[in-house]
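# Working through the structure, step by step
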Amino acid sequence: MKKILEHQVGEPVDLFLLIKQSVKGITQQGSPFMTLILQDKSGDIEAKLWDTGEEQEKMYAAATIVKVGGEIHDYRGKSQLRIKSIRPAKEEEGISISDLVPSASKSKEVLFEELLQFFFEMKNPDIQRITRHLLKKHQADIMVYPAATKNHHDYVSGLLDHVVSMLKLGKAIAELYPTLNKDLLYAGIILHDIGKVVELSGPIATQYTVEGNLLGHITIMVNEISKAADELGIGGEEVTLLQHMVLSHHGKEEWGSPKRPMLKEAEILHYIDNIDAKMNMLNRAMAKTAPGEFTERIFPLDNRSFYKPSFDES
């Protein structure tokens, strides 16, 4: 059976899907509606439920499995699901959340083992100890959490997938520019998003936690580095530099970075993070686009569409 993102515009849909997000809204005429983000293992798609009330809000909350009938249509260059029928799945239908949640292409065990290999290239004992300490402390969550609620690496083990991909890119760049400090670069890559295991609610129907909304993953991780250094009895410049790597990885204040990069390793970390996030979005968009066609508009990439060459075999 076709997955949701394998359907083309105009095709009918009759699938079990998981409600990834459910948000209430009001039309300009004052009528209540709900925006649903529905997903299966292929990815997610937006849909609207019109003239909703409290009953629908409870029935179609996030993390609910639903049977949906409808049709794919194009809305401003992006595919949407026009719902014609929807109901909660029945227990006897035997559909579980694990059947519908996307995950990294590699297992979390393989990804984690790949991550650990980078410690063999680190030489500074204090940077290595702090990084290992925080990795071990949050290992269970790091193995399964997404890297975001939407846009990039927003799937089970997406955070780990993102970090390992960044480490491989960082290794290649460090070989080209050997003056880069691998200890700082690798530790910054490993630590930069670990705060998301506190900022986000988990891998299923991911939302922001209270701490996530009030503090954010950058502040959370800077505090975690300080706490780890105290627990390990480590002081000095290394602690401050690691905190700066995390503080500055978004690059600019308007992109949520408390500080702009002031280390060359921090500058490179920002670029690597940006490259990996954008390539993940582009690869996913291209995967559901036929050769010789344009992708749907990708909002985080300035709402642009990208062309898939007709000779592209990917």
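The structure we're discussing is the one just above.
This section reports on the structure supplied with the text. (Residues numbered from 1 in each chain as written. Predicted model: local features only at pLDDT ≥ 70, side-chain atom pairs only at ≥ 80, totals over all residues. Heavy atoms only, no water.)

### Description of the overall build of the chain
Within the chain one finds 11 helices and five strands. Expected size for 314 residues packed as a compact globule is a radius of gyration near 20 Å; at 21 Å, the chain falls within 12% of this value. Sorting the 314 residues of the chain into buried and exposed places 47% on the buried side. Here the analysis covers contacts within the chain between residues at least 6 apart in sequence; of these, 56% occur between residues at least 24 apart. For the chain, the computed accessible surface area is about 16000 Å², with 53% contributed by carbon and sulfur atoms. Counting 37 positive and 45 negative side-chain charges, the chain places the averaged centre of each group 2 Å from the other. (Helix = DSSP H or I, 4+ residues; strand = E, 2+ residues; numbered from the N terminus. Rg over C-alpha atoms; globule rule 2.2 N^0.38 Å. Buried < 20%, exposed > 50% of the residue type's maximum accessible area, 1.4 Å probe, protein only. Contact = heavy atoms within 4.5 Å. Areas by Shrake-Rupley, 256 points an atom, 1.4 Å probe, with all protein chains shown as cover. Lys, Arg positive; Asp, Glu negative; His and termini not counted. Charge placed at Lys NZ, Arg CZ, Asp CG, Glu CD.)

### Considerations on the sheet that holds strand 4 (residues 65–75)
Read around the closed barrel, the five strands follow the order 1-2-3-5-4; overall the barrel is mixed. Taken over all neighbouring pairs, the strand axes of this sheet differ in orientation by 50° on average, direction set aside. Here strand 1 (residues 12–26) pairs with strand 2 (residues 32–40) via eight bridges, running antiparallel. Bridging from a neighbouring strand, K24 pairs with M34 of strand 2. (Pairing = 2+ DSSP bridges. Axes fitted to C-alpha atoms, helices over the stretch in contact; angles between N-to-C directions.)

### Digging into a nonpolar patch on the surface
Judged by side-chain polarity, V210, L214 and L215 come together as a nonpolar surface patch covering roughly 330 Å² of accessible area. Relative to the elements of secondary structure, V210 occurs in helix 8 (residues 210–214). The class of V210 is exposed, set by a relative accessible area of 58%. (Patch = residues over 30% accessible without salt bridge, like charges linked within 9 Å, V, L, I, M, F, W, Y side chains within 5 Å. Salt bridge = Lys/Arg side-chain N within 4 Å of Asp/Glu carboxyl O.)

### A short note on the pairing of strand 5 (residues 78–88)
Pairing of strand 3 (residues 43–50) with strand 5, which is carried by two bridges, proceeds in the parallel orientation. When the sheet's bridge partners are listed, E46 is paired in strand 5 with Q80. Here strand 4 folds back onto strand 5, and the loop between the two strands holds two residues, one of which, R76, carries a positive phi near 55°.

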